[in-house]
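Each chain, letter by letter, is given below.
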Amino acid sequence: MGDLLISASPCDNTMYVWDVALEVPVPLRRVLGRGISFVTYSPNSLKVFAATTNIVFRVWETMKWNPDLWSVASGHVVSACWSPCGSVLLFATSTESIVYALTWGHVSSVFSSEEKRAAIPAIDVCAIELEGGERVGGEICSLVWDSKGRHLAIMFKQCNIIAVFYTNISTGLHISPCCFVKGMPEESPAYICFQDSFEEGANLTIGWSNGRIQYFPIVYTELPTYVRKTVQGNSFNLSPAIANITESSRFMSYTSN
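Residues numbered from 1 in each chain as written. Predicted model: local features only at pLDDT ≥ 70, side-chain atom pairs only at ≥ 80, totals over all residues. Heavy atoms only, no water.

Per an unreviewed UniProt entry, the chain goes by the name Aladin seven-bladed propeller domain-containing protein and belongs to Clastoptera arizonana.

As structure tokens, this is what we get:
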């Protein structure tokens, strides 16, 4: 762990894997796709997700560095996050308000078949209006998953409210509403992440547009039951609209390259 470093650039379709000790890079170049916008290791270091600036993205296995090539219907992948065990990858694109899931291992049954593997729509977070008239949801700009795999936080492009969900992958992928997190008037979220070592539960760190840093701890003594709950504080009940998902909105793997 920590022996390899990956570097990439949106201006280059080559990803470099560095041996940190030797300071020597190995280039991994693929023709399809443009520059690489971001990469992220799975927590078990067995896979690497690499998004490009167009419809193509790849999931590399790190034993022999062989990639699976995927494409989206339009736009590009803007954010992705792994489950703690590395068996689930959640991602969102620049043109839809849907979180998609790719799975491996014990939760791979969400695929329709091994011959026609597809990313499954996990949740639709299309914009809705709250009782107070505020709108929440829409196109996604950031997804983060806590290190215990129990909470997913979503930040939106044109919304000042963060949505938090309960998650469970023990018997497949299950996502259910938790709460909203809202900042002070006139500020919007600029960055979100979960603390890795928060033993009491999940601690969401939020960087707001005015420079304020906020910690939003979710403390529990047992696994959350996946029912609708209210979290006290500057948050709301979450009741996202679930839209009909058509076959055309599914993401298909079309080759390995």
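**With respect to the sheet that holds strand β17 (residues 174-182)**
To be explicit about the condition: What makes two strands pair is DSSP finding at least two bridges between them. Secondary structure follows DSSP: runs of H or I at least 4 residues long count as helices, runs of E at least 2 residues long count as strands, and numbering of each begins at the N terminus. Angles run from 0 to 180 degrees between N-to-C directions of axes, and those axes are lines fitted to C-alpha atoms, restricted for helices to the stretch in contact.
On the basis of which strands lie adjacent, the open sheet formed by four strands has the order β14-β15-β16-β17 and antiparallel pairing. Looking along the sheet, the strands with just one partner apiece sit at the ends: β14 (140-145) and β17. The sheet shows a mean angle of 25° between the axes of neighbouring strands, taken without regard to direction.

**Some points on the confidence of the model for the chain**
To keep it simple, the criterion reads: A score between 0 and 100, pLDDT records how confident the predictor is in each residue. Residues count as neighbours in contact if any of their non-hydrogen atoms are within 4.5 Å of one another.
Summing up the model confidence of the chain, the mean pLDDT is 80 and the portion of residues at 70 or higher is 79%. Here residues 108-116 is modelled with pLDDT under 50, and outside its nearest four sequence neighbours on either side it reaches ten contacts, counting other chains as well. Counting contacts from residues 226-257, a segment whose pLDDT is below 50, to residues more than four positions away or on other chains yields 98 contacts.

**Thoughts on the pairing of strand β1 (residues 4-9)**
Sheet topology note: the β1/strand β2 (residues 12-19) ladder contains five bridges and is antiparallel. If you follow L5 over to β2, its bridge partner there is W18. Hairpin connection, β1 to β2: the antiparallel pair is bridged by two residues.

**Observations regarding the pattern of salt bridges**
To be explicit about the condition: By definition, a salt bridge exists where a carboxyl oxygen of Asp or Glu is found within 4 Å of a side-chain nitrogen of Lys or Arg. Throughout, exposure labels follow a simple rule: accessible area from a 1.4 Å probe, protein chains only, divided by the maximum for the residue type, with under 20% read as buried, over 50% as exposed, and the rest as partly exposed.
In the structure shown here, the tally under the stated rule is three salt bridges. For K182, the salt bridge goes to E134, with nearest N and O atoms at 2.6 Å. With K182 in strand β17 and E134 in the loop between β12 (128-129) and β13 (135-136), the pair connects residues that are 48 residues apart, well separated along the chain. Accessibility expressed as a relative area gives 28% for K182, which makes it partly exposed. Among the salt bridges present, the one from E187 reaches R212, with a minimum N-O distance of 2.4 Å. With E187 in the loop between β17 and β18 (189-194) and R212 in the loop between β19 (201-208) and β20 (213-219), this pair connects stretches of sequence that are 25 residues apart. For E187, a relative accessible area of 3% gives the class buried.

**A word on the environment of N54**
To keep things clear, this is the line we draw: Residues adjacent in sequence count toward polar contacts only when both atoms are side-chain atoms; beyond that, a polar contact is any pair of N or O atoms within 3.5 Å, and within protein one must be able to donate a hydrogen and the other to accept it.
Among the structural elements, N54 can be located in the loop between β5 (47-52) and β6 (56-61). Of the polar contacts made by the side chain of N54, one reaches the side chain of T52; its length is 2.7 Å. Within the structure, the side chain of N54 is placed 3.1 Å from the backbone nitrogen of V56, a separation counted as a polar contact.

**Details of the packing of aromatic side chains**
Our working rule: Working definition: rings of Phe, Tyr and Trp (its six-membered ring) pair if their centres are within 6.5 Å, and the pair is stacked with planes under 30 degrees apart, edge-to-face with planes over 60 apart, and tilted otherwise.
The tally for this structure, following the rule as stated, stands at six aromatic pairs. When the ring of F57 is compared with that of F91, the centres are 5.1 Å apart and the planes differ by 55°; the resulting orientation is tilted. Taken as a pair, F57 in strand β6 and F91 in strand β9 (residues 88-93) lie far apart in primary sequence, 34 residues in all. Taken as a pair, F57 and F91 share a single burial class, namely buried.

**Re the environment of V164**
With respect to the helices, strands and loops of the structure, V164 is situated in strand β16 (residues 161-168). Residue classification places V164 among the buried residues on the basis of a relative accessible area of 0%. Between the alpha carbons of V164 and S176 there is a distance of 9.1 Å; along the sequence they are twelve residues apart.

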